[in-house]
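# Coordinate inspection notes
If you want the building blocks of each chain, they are given just below.
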Amino acid sequence: MTQTRFLKSARIAAAGLAVGAMLLTGCAATGNKSGGTDAAANASAFLTIPREDMGTFVQNFNPFAPTVNPMVQQSIYESLLVFNPAQGNSVPWLATDWKAADDGKSITFTLRDGVKWSDGQPFVADDVAYTFELQKKLKGGYEYLDGVTAQGNKVTFNFNKPWSPALYDVGQLSILPKHIWSALADPEKDANAKPVGTGPYTEVDNFQAQSFVLKKNPNYWQPDKQKIAGIKMLAFAGNDGANLAAANGDVDWAPQYIPNIEKTFVSKDKDHRHYWFPPTGAMINWQLNTTKAPFNDGDVRKALSMAVDRDQVTKIGMSGYAQPADCTGLSGNYETWKNTQVKDNCTWTKHDVQQANDLLDKAGYPKGPDGKRTLKDGKPFEFKISVGATSSDWLSVANVISQNLAEVGVTAKVDSPDWAAVVAGYEKGDFDSGIVWSANDPSPYKYFNTTMGSASVKPVGTKASDNYHRFGDPKADALLSDFAAATDQSRQKDIANKLQEEYNDVAPVVPLFSGPEWGAYNDTRFTGWPTQDNPYATLSVRAPTTVLVLTSLEPRK
Amino acid sequence: MRFILRRLGFYLIAFWASITLNFLLPRFMPGDPVSRMFARSQDRMQPEQLEALRKLLGVDDRPIWEQYAGYLQNILTGQMGVSITRFPTPVTEVISSQIGWTLLLGGTALVIAAVVGNLLGILAAWRRGSALDSALPPVLVFIGSFPYFWLAMGALYLFGVVLGWFPIRHAFTDGLEPAFTAEFFGDVAAHLVLPALTIVLVSIGGWMLGMRNTMIATNSEDYITMAEAKGLRPGRIMLRYAARNAMLPSVTSFGMGLGFVVGGALLTEVVFAYPGVGYQLLNAVQGLDYPLMQGLFLTITAAVLLANFLVDILYVRLDPRVRSN
């Protein structure tokens, strides 16, 4: 073969390759038969949202899927109530009202009249009962739930013990239509490509690997609130691409982390671009493995906590977007629950090197002549802080902590393998310390249960899925079970206050900062966004409150 | 024929070895997919649900040899299982819906880089010491040594955002439906320019240098001198005599390159938000999605081996010395 002939065949091969690839992708994507050009022309009318952690979508709208498609639980399926952490209130949604029984062993919801599924079928109490049956069967959980009874427009959840935390647990689950799901042979594995829900935007349109549209539910129960034509989701394999789209003005809502947001996003159009990061995310804790010395010593945990400069942590590690923790351990999500007494007289979450040193001296960890402290057995006071290598923000948090600790003579090395390895260490309980998420729920029960409840403590070597630091406190246990049994809110508040006092006493973990819920928007095309002055929802697109935003936005006139 | 059969035998063993590695490697990684999912869900998942999820996803505690037997059986029957990170989508569906774009992007970039790079190499060696020979290779090598990520971001920013010449994301305009129309193909081509161009830019230097260096060695061979003495046209000598003999290493590289195209260009896909299997692979590794990882590795392995086998056959045709061995 001559060179020219070779080149010629290479050209043909290349052309063939290109066409073949087109055929392949073309064939894979032509399942949907709606008008392509129409969709392109109307594109400007859709609320456009990027999804930064999915490079591509698959047409799977099954809410049981572990990695569920965006908007399935926000726009397609709805729940009985929506809890809004920005205001600390519950918004009645598919239920208009609910009431706990006096003995705390059941809750009865009254369902809203006139709600229909997107296929026109009426929404009935049986749908709710069926959803919980299915959920319990497929995914487990709800151990406290004995059964669900549907009667007329009322649904009653019966518990096997007084269990008040159930309200948000059952109230926030997405309700599925029984007439669709009971007909599926294998509901867990069904792709549910054409979902039927009660939400505002349910009709999947023009589904492509990197974008899809959800159009108006034709039978929505509050049609006057469907003011936008639909939602368009775009896929991105990372924050950078999504941030570029936001900076370029191609998306209306940017829920991902944007570094230096004033400069990279807002400054390009100050009139229309805004952001709001309420501290309503989970509390980010520094967990010390309490099965190991010296972390089993509460004074040590408090001293280390005092050595940490939280202002520096939030400023350097979190770009100033997060808010430092206080001694209640509760994030901004629980603002209405906070014990002001504990919060105002807070000591051990305040940066105080002098006190940290004193406390360590007193607890018996003396500073040597080289300025480094030793443990009681004479070994150097040294340990690791484990953080996954991909979390650059938390890595800088760990680095700041490490520098802070050096000031009190404690050596903390930042250890950053892959998250898989880090989490494996947490689960088995052989880690020293790490930075972790904590439970975030409308009531503080779960937070305290997973930071200091004995029930969540697993022995070292046995897999734990929370309470990695393995701390149990009998006093807290008693308070927790009282809390679970309490039915009225004021009683719950009293107990929550005591839980915070106990937390303040024992310092089960070192709380660092309230995780912010990222949210930025561009109101060139749509108005009515939640803001700090009008916090009817957070700006997150993955929270239960997202449906409140979707039903409040309207096109700019 | 015996040569080809012998090679085939070798490839079968290589294939077995690599699928076994594909099986073992992910299982050496710490943790299990369900815990990873739980950790990544940032507390939107109930701990009580972990067990049910483990059962559902088939993350099992069977002895490893039993899992291995099942794995081999699945490969032979073409059943790759269900992706864990994309549950309940079958692995074959995840891969088949993406790989076309990967092949289009990687294939186009590879062919352009190889053809243009080799031609430039031939010319540079033929006109040794000319401006082309002295200026272009260092420039291309310089560009090729840029961190790809940086180069791609720069190109994206300059040509996509500032100048607005090319689209800045995805394989075609959002809202467009794939169809066999000139409009759609044009749209795909426009979206292909920046990602393909950046890959070509960083890889073309290698092709050019490789070709140039072999060509220079070939140029000093006696048969070139003889061809010149015979008074043949220089163009003919350059292509038929020198380039043809200098081409063998390039053919090998091309075959290798073809195999690796299947693995996807991860960084390109991330920067340009281009669909493809590269990002899918990253995702699978991060989520410990064994079935998807195995499916992708298997595809890559098969492609590399197949490309190598084709190169082997081509070699027999191009280089008679291989046959006599």
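Here, every reference points to the structure presented above.
A brief structural summary.

Cut-off values and rules
Residues numbered from 1 in each chain as written. Chains lettered and ligands numbered in written order. Predicted model: local features only at pLDDT ≥ 70, side-chain atom pairs only at ≥ 80, totals over all residues. Heavy atoms only, no water. Helix = DSSP H or I, 4+ residues; strand = E, 2+ residues; numbered from the N terminus. Rg over C-alpha atoms; globule rule 2.2 N^0.38 Å. Buried < 20%, exposed > 50% of the residue type's maximum accessible area, 1.4 Å probe, protein only. Contact = heavy atoms within 4.5 Å. Areas by Shrake-Rupley, 256 points an atom, 1.4 Å probe, with all protein chains shown as cover. Axes fitted to C-alpha atoms, helices over the stretch in contact; angles between N-to-C directions. Left-handed = near helix turned anticlockwise from the far one by under 90°. Nonpolar A, V, L, I, M, F, W, Y, C, P; charged D, E, K, R; others polar. Polar contact = N/O pair within 3.5 Å; in protein donor to acceptor, adjacent residues only side chain to side chain. Disulfide = S-S within 2.5 Å. Pairing = 2+ DSSP bridges.

## Thoughts on the overall build of chain A
Counting secondary structure elements, chain A contains 18 helices and 21 strands. The C-alpha radius of gyration computed for chain A amounts to 26 Å, which stays within 12% of the reference 24 Å derived for 557 residues, consistent with globular compactness. Judged by the C-alpha coordinates and their principal axes, chain A covers about 80 × 75 × 50 Å. Classification of the 557 residues of chain A by burial places 58% in the buried group. If you take every contact in chain A between residues at least 6 apart in sequence, the share linking residues at least 24 apart comes to 70%. Accessible surface for chain A amounts to roughly 21,300 Å². Of this, 50% is attributable to carbon and sulfur atoms.

## Here's the deal with the packing of helix α8 (residues 182-219) of chain B against helix α10 (residues 234-246) of chain B
Residue and element names in this part refer to chain B. Interaxial distance between α8 and α10 falls to 8 Å at its minimum, and their mutual angle equals 115 degrees. Considering the relative orientation of α8 and α10, their crossing is right-handed. Facing M211, T214, M215, T218 and N219 of α8, the residues of α10 in contact are M238, A242, A243, N245 and A246. Split by residue class, the contact of α8 with α10 holds 6 nonpolar, 4 polar and no charged.

## Here we look at the side chain of A:N69
Residues and elements named next belong to chain A. Looking at the secondary structure, you find N69 in the loop between β1 (46-51) and α3 (72-76). Separated by 2.9 Å, the side chain of N69 and the backbone oxygen of V58 make a polar contact. Dropping the residues within four chain positions of it, N69 is found in contact with M54, F57, V58, N60, F61 and F207.

## Side note on the state of the cysteines
Here, disulfide denotes a covalent bond that connects the sulfur atoms of two cysteines. Residues and elements named next belong to chain A. Under the counting rule described, the total for this entry stands at 1 disulfide over all chains. Two residues share a disulfide in this structure: C327 and C346, whose sulfurs sit 1.9 Å from each other. Residues C327 and C346 are joined through a disulfide that is right-handed, its torsion about the S-S bond being 90 degrees. Taken together, the residues span a long stretch of sequence, with C327 in the loop between β14 (323-324) and α11 (340-344) and C346 in the loop between α11 and α12 (353-363) at a distance of 19 residues. Pair check on accessibility: C327 and C346 agree, each one buried.

## Digging into the pairing of strand β2 (residues 81-84) of chain A
Residue and element names in this part refer to chain A. Side chains of β2 alternate between two faces, with L81 and F83 and V82 and N84 buried alike. In terms of strand pairing, β2 meets strand β3 (residues 89-92) through 4 bridges, oriented antiparallel. Among the inter-strand pairings, V82 is bridged to a residue of β3, identified as V91. Between β2 and the antiparallel strand that follows it, β3, lie 4 residues; G88 among them carries a positive phi value of about 75 degrees.

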